[in-house]
Amino acid sequence: MDWQQLKDQQKTVEKVLRHAALRHELAHAYLFEGPRGTGKRDTALMLAQMLFCEAAEAFRPCGECRNCRRIASGNHPDVVWIRPEENAQTIKKEQVAFLLREFAYHGVESAHKVFILEEAEKLTVQAENSLLKFIEEPNPGTLAILVTSQIHQLLDTIVSRCQVLTFVPLSDKDLAERLVVDGQPRQLASLAAGLTHNYQSAVDLCHEQWFADAHSLVLQLTQRLQSSSEPILPFIYDKFYPLFNDMPRMTTGLDLLLLWYRDLLNLQLNRSENLFYAPVRETLERQMMALTTDQIVQFIEMILEARKQLNAHVNGLSVMERLMAQLGGIRS
Ligand SMILES: [Zn+2]
């Protein structure tokens, strides 16, 4: 994370923090709250690096000096990370006691000390209470950053003593980029981001073999819809329906199909910078050439209508049969 990325993804947070940094008026306690995958932890890391970087320019940490690297790997004596121990449901009072002992001393190497408390909603009430005094009467030079995706689970007394910064869900494009940075394959990341705004749900989709298979079957379906020589219903019975065999899966299947036609429409309208199926752009372009804008809009309307029928609990296979008949009718 750097300031520019933060600005692109979390405009308000960036503005508040940058102004505070420029005036040397950072609050002594921040609460970063918002859904998972919105950059809260990375922002905390950047702030800590900014305070200790040996080569920072205009408040931009270099990310490469000894201090920046030690902070990133959790090995800087004046930057303490606290998070639930592996598989633990809570952050224990002892962990907070350790933190408070650490902060009773001045910085080992400089005047600053930073503590970053991840998944703060997992603090036990006891642990929260022992933190209160520390947040209320901080030692000079200390910065506390609490990070949570469940702000309502924190004590009001903690929340009211922190400056609360809310991280908003990412746009489709930013979420996809984030997933790629975190190691997900680009095509699946782009589709998952088109289907959900929730980082964790998107990660879960990318990890499912089912989702990769679904993507490939939807591609095959769009090819078949385009070619009049291949009968489509046997493909629906033998391949498509067995994979999309319940309501949530069928809905995802229709959504993937919808993203395809949205891409076709965007291509036709020369809005091609954020295609969901960018890796198969050539196929998209070939199909786009063979269809008029009106036809693409009709495809989209019919898929949306089919989705409504699914929501109204019409049988998935009947919905697909009807949809295929309608879509075939548009082309011919
Ligand atoms: Zn540095």
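Conventions we followed
- Residues numbered from 1 in each chain as written.
- Predicted model: local features only at pLDDT ≥ 70, side-chain atom pairs only at ≥ 80, totals over all residues.
- Heavy atoms only, no water.
- Salt bridge = Lys/Arg side-chain N within 4 Å of Asp/Glu carboxyl O.
- Core = buried A, V, L, I, M, F, W, Y, C linked by side-chain atoms within 4.5 Å.
- Buried < 20%, exposed > 50% of the residue type's maximum accessible area, 1.4 Å probe, protein only.
- Helix = DSSP H or I, 4+ residues; strand = E, 2+ residues; numbered from the N terminus.
- Contact = heavy atoms within 4.5 Å.
- Donors = N, O, S within 2.8 Å, 3.2 Å for Na, K, Ca; no water.
- Tetrahedral: all angles 85-135°; square planar, octahedral: opposite > 155°, others 65-115°.
- Phe/Tyr/Trp six-rings, centres within 6.5 Å; stacked < 30°, edge-to-face > 60°.
- Lys NZ or Arg CZ within 6 Å of the ring centre and 35° of its normal.
- Arc of directions from axis to C-beta.
- Pairing = 2+ DSSP bridges.

For the protein chain, the name recorded in an unreviewed UniProt entry is DNA polymerase-3 subunit delta, with Sporolactobacillus spathodeae as its organism.

Trainee: Would you mind going over the pattern of salt bridges with me for this structure?
Mentor: Side chains that carry opposite charge are capable of pairing whenever their charged atoms lie near each other. What the rule picks out here adds up to 14 salt bridges. Here E177 and R186 are joined by a salt bridge, their closest N and O atoms 3.1 Å apart.

Trainee: Sorry if this is basic, but what is going on with the nonpolar core here?
Mentor: When a protein is soluble and globular, its nonpolar side chains tend to lie buried together. By size, the foremost hydrophobic cluster in this structure holds 57 residues, and its most contacted members are L221 and Y277. Sort the elements by how many residues they give to this core and helix α13 (residues 247-268) lands first, with eleven residues. Ignoring sequence-local partners within four residues, the contact set of Y277 consists of Q187, L191, H215, V218, L219, L256, L259, W260, D263 and L284. Formed by 26 residues, the second largest nonpolar core is a distinct cluster that contains A27, W81, I116 and L143.

Trainee: I tried to follow the coordination of the zinc ion on my own but got confused; where do I start?
Mentor: Put simply, the ideal angle at a metal is 109.5 degrees for four donors in tetrahedral geometry and 90 or 180 degrees for six donors in octahedral geometry. At this site the zinc ion is bound by C53 (SG), C62 (SG), C65 (SG) and C68 (SG), with donor distances of 2.2 to 2.4 Å. Classification of the site at the zinc ion as tetrahedral follows from its four donor atoms and the range of 103 to 119° in their angles at the metal. Each donor residue of the zinc ion belongs to the same chain, and together they define the spacing C-x8-C-x2-C-x2-C. In this pair, C53 sits in the loop between α3 (40-52) and α4 (66-72) while C68 sits in helix α4, placing the two residues 15 residues apart along the sequence. This pair shows no difference in class: C53 is buried, exactly as C68 is.

Trainee: For this particular structure, what's the right way to read the packing of aromatic side chains?
Mentor: For the structure shown, the criterion picks out seven aromatic pairs. Between the aromatic rings of F240 and F244, the centroid separation amounts to 4.3 Å while the plane-to-plane angle is 25°, which identifies the pairing as stacked. A centroid spacing of 5.0 Å and a plane angle of 75° characterise the contact between W260 and Y277, whose relative ring orientation is edge-to-face. With W260 in helix α13 and Y277 in the loop between α13 and α14 (281-290), this residue pair connects regions lying 17 residues apart in the sequence. An aromatic cluster is defined as three or more aromatic residues linked by ring pairs; in this entry it consists of Y30, F32 and F167. Here the guanidinium or amino end of R41 rests over the ring plane of W81, the centre of that ring lying 4.7 Å away. Its end group placed over the ring of Y199, R178 keeps NZ or CZ at 5.3 Å from the ring centre.

Trainee: Would you mind showing me how to read α14 here?
Mentor: For the α-helix, the turn length of 3.6 residues means that residues three or four positions removed from each other point alike. Taken as a whole, α14 has its buried residues at T283, L284, Q287 and M288. Looking straight down α14, one finds its buried side chains confined to an arc of 135°; they lie on one side. Along α14, exposed side chains directed more than 90 degrees from the buried face belong to E282, R286, M289 and A290. For α14, the elements touching its buried residues are α11 (209-226) and α13.

Trainee: Explain the pairing of strand β3 (residues 113-117) to me, please; I cannot follow it from the model alone.
Mentor: One face of the sheet, then the other: side chains in a regular strand alternate in exactly this way. Counting buried residues along β3, five of its five residues qualify, which places the element largely inside the surrounding structure. Here β3 shows no split at all, with K113, F115 and L117 on one side and V114 and I116 on the other all buried. Inspection of the sheet shows strand β2 (residues 79-82) paired to β3 by four bridges, in the parallel sense. Pairing of V80 across the sheet is with F115, part of β3. Judged from the five bridges that link them, β3 and strand β4 (residues 142-148) form a sheet pairing that is parallel. Within β4, the position partnered with L117 by the bridge is L146.

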